[in-house]
Amino acid sequence: TKPLGAGSFAEVFHGKTSKGNYVAVKRINRQKLTKAKSKELLEQEVKILGVLHNKHVMALYDFIEEGAYAYLITEYCNAGDLDQYIKKNNMSEDMSAELAIQIVRGLHYLNSKGIIKRDLKPHNILRHQPDTSSSLIVKLTDLGFGRYLSESMAETFCGSSRCRTPEFLFGRQN
């Protein structure tokens with residue numbers, strides 16, 4: 001396993017299953033989840049990801065709690081996050097449009113399940129290139145702030161202030 005990244009209470013590693021499939025393993029130090037809110041966000045992410053199955057939403061394969069750690073075993077996205085890509089590359093209009101369409105497809109799927117993603121930002125959008133001959137696929141990730149939508153939920157701000165969701169900006173409109 002090689003490290004892919006780290007945050008304030010978790011590290012993400014590249015792993016391989018016994019069947020030879022590549023996965024990402026998010027190891028969360030539960031002792032660092034000191035606030036009840038942090039624990040709630042983890043539980044919410046597991047709950048939401050566990051019921052979603054869509055090409056544009058990162059898949060959760062397993063959730064394991066062992067000792068001081070919790071592990072999220074997820075789909076591995078081999079091309080990094082959109083934030084890294086934007087900082088290093090000039091995207092063409094065609095590429096920008098294709099990525100935007102895929103992001104909207106992921107958001108539409110979430111909304112069709114009654115879920116609102118309240119922390120949409122380039123860092124939470126992963127890129128995956130299945131093989132050299134196929135097109136890039138973007139996947140929404142980090143659904144800890146995600147919620148099943150209620151009438152007042154879209155009016156509650158959380159996540160990154162620069163990246164507000166349409167539901168927050170405009171209220172829930174069908």
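This text follows the structure it describes.
Below: a short report on this structure. (Residues numbered from 1 in each chain as written. Predicted model: local features only at pLDDT ≥ 70, side-chain atom pairs only at ≥ 80, totals over all residues. Heavy atoms only, no water.)

### Quick notes on the overall build of the protein
Now for step 1: When you go through the protein residue by residue, the secondary structure sums to four helices and nine strands.
Now for step 2: Counting across all 174 residues of the protein, residues that qualify as buried make up 40%.
Now for step 3: Once local pairs closer than 6 in sequence are excluded, the contacts in the protein between residues at least 24 apart make up 58%.
Now for step 4: On the protein, roughly 10,400 Å² of surface is accessible, and the fraction owed to carbon and sulfur atoms is 50%. (Helix = DSSP H or I, 4+ residues; strand = E, 2+ residues; numbered from the N terminus. Buried < 20%, exposed > 50% of the residue type's maximum accessible area, 1.4 Å probe, protein only. Contact = heavy atoms within 4.5 Å. Areas by Shrake-Rupley, 256 points an atom, 1.4 Å probe, with all protein chains shown as cover.)

### A closer look at the environment of alanine 24
Now for step 1: Examined against the element boundaries, alanine 24 turns out to sit in strand β3 (residues 22–29).
Now for step 2: Classification of alanine 24 by relative accessible area gives buried; the value is 8%.
Now for step 3: Spatially, the C-alpha atoms of alanine 24 and glutamate 75 are 6.0 Å apart, while their sequence positions differ by 51 residues.
Now for step 4: If near-sequence neighbours (up to four positions away) are discounted, alanine 24 is found in contact with Val12, Phe13, Leu72, Ile73, Thr74, Glu75 and Tyr76.

### Brief notes about the sheet that holds β3
Pairing between the strands of a sheet comes from backbone hydrogen bonds, and it takes one of two forms, parallel or antiparallel.
Now for step 1: The antiparallel open sheet is built from five strands, whose spatial order is β1-β2-β3-β5-β4. For this open sheet the edge positions go to β1 (2–6) and β4 (60–66), each flanked by a neighbour on one side alone. Between one strand and the next, the sheet's axes are offset by a mean angle of 25°, whatever the strand orientation.
Now for step 2: With four bridges connecting them, β1 and strand β2 (residues 10–16) associate as antiparallel partners. (Pairing = 2+ DSSP bridges. Axes fitted to C-alpha atoms, helices over the stretch in contact; angles between N-to-C directions.)

### Points about the nonpolar core
Now for step 1: If you look at the biggest cluster of nonpolar residues, it comprises 28 residues, and the most contacted ones within it are Leu52 and Ile103.
Now for step 2: The set of elements that each furnish at least two residues to this core consists of α1 (36–49), β5 (69–75), α3 (93–112), β7 (125–128) and β8 (137–140).
Now for step 3: Top contributing element to this core by residue count: α3, with five residues.
Now for step 4: Look past the residues within four positions of isoleucine 103 in its chain and what remains in contact with it is Leu82, Leu120, Ile125, Val138 and Leu140. (Core = buried A, V, L, I, M, F, W, Y, C linked by side-chain atoms within 4.5 Å.)

### Observations regarding the environment of glycine 144
Now for step 1: When you line up the elements, glycine 144 lands in the loop between β8 and β9 (147–148).
Now for step 2: Taking the C-alpha atoms as reference, glycine 144 lies 5.8 Å from leucine 42; in sequence the two are 102 residues apart.
Now for step 3: Apart from the residues within four sequence positions on either side, glycine 144 is in contact with Leu41, Gln44 and Glu45.

### Looking at the packing of aromatic side chains
Now for step 1: Summed over all chains, the structure comprises one aromatic pair.
Now for step 2: Above the plane of the ring of tyrosine 69 lies arginine 27, whose end atom (NZ or CZ) is 4.9 Å from the centre. (Phe/Tyr/Trp six-rings, centres within 6.5 Å; stacked < 30°, edge-to-face > 60°. Lys NZ or Arg CZ within 6 Å of the ring centre and 35° of its normal.)

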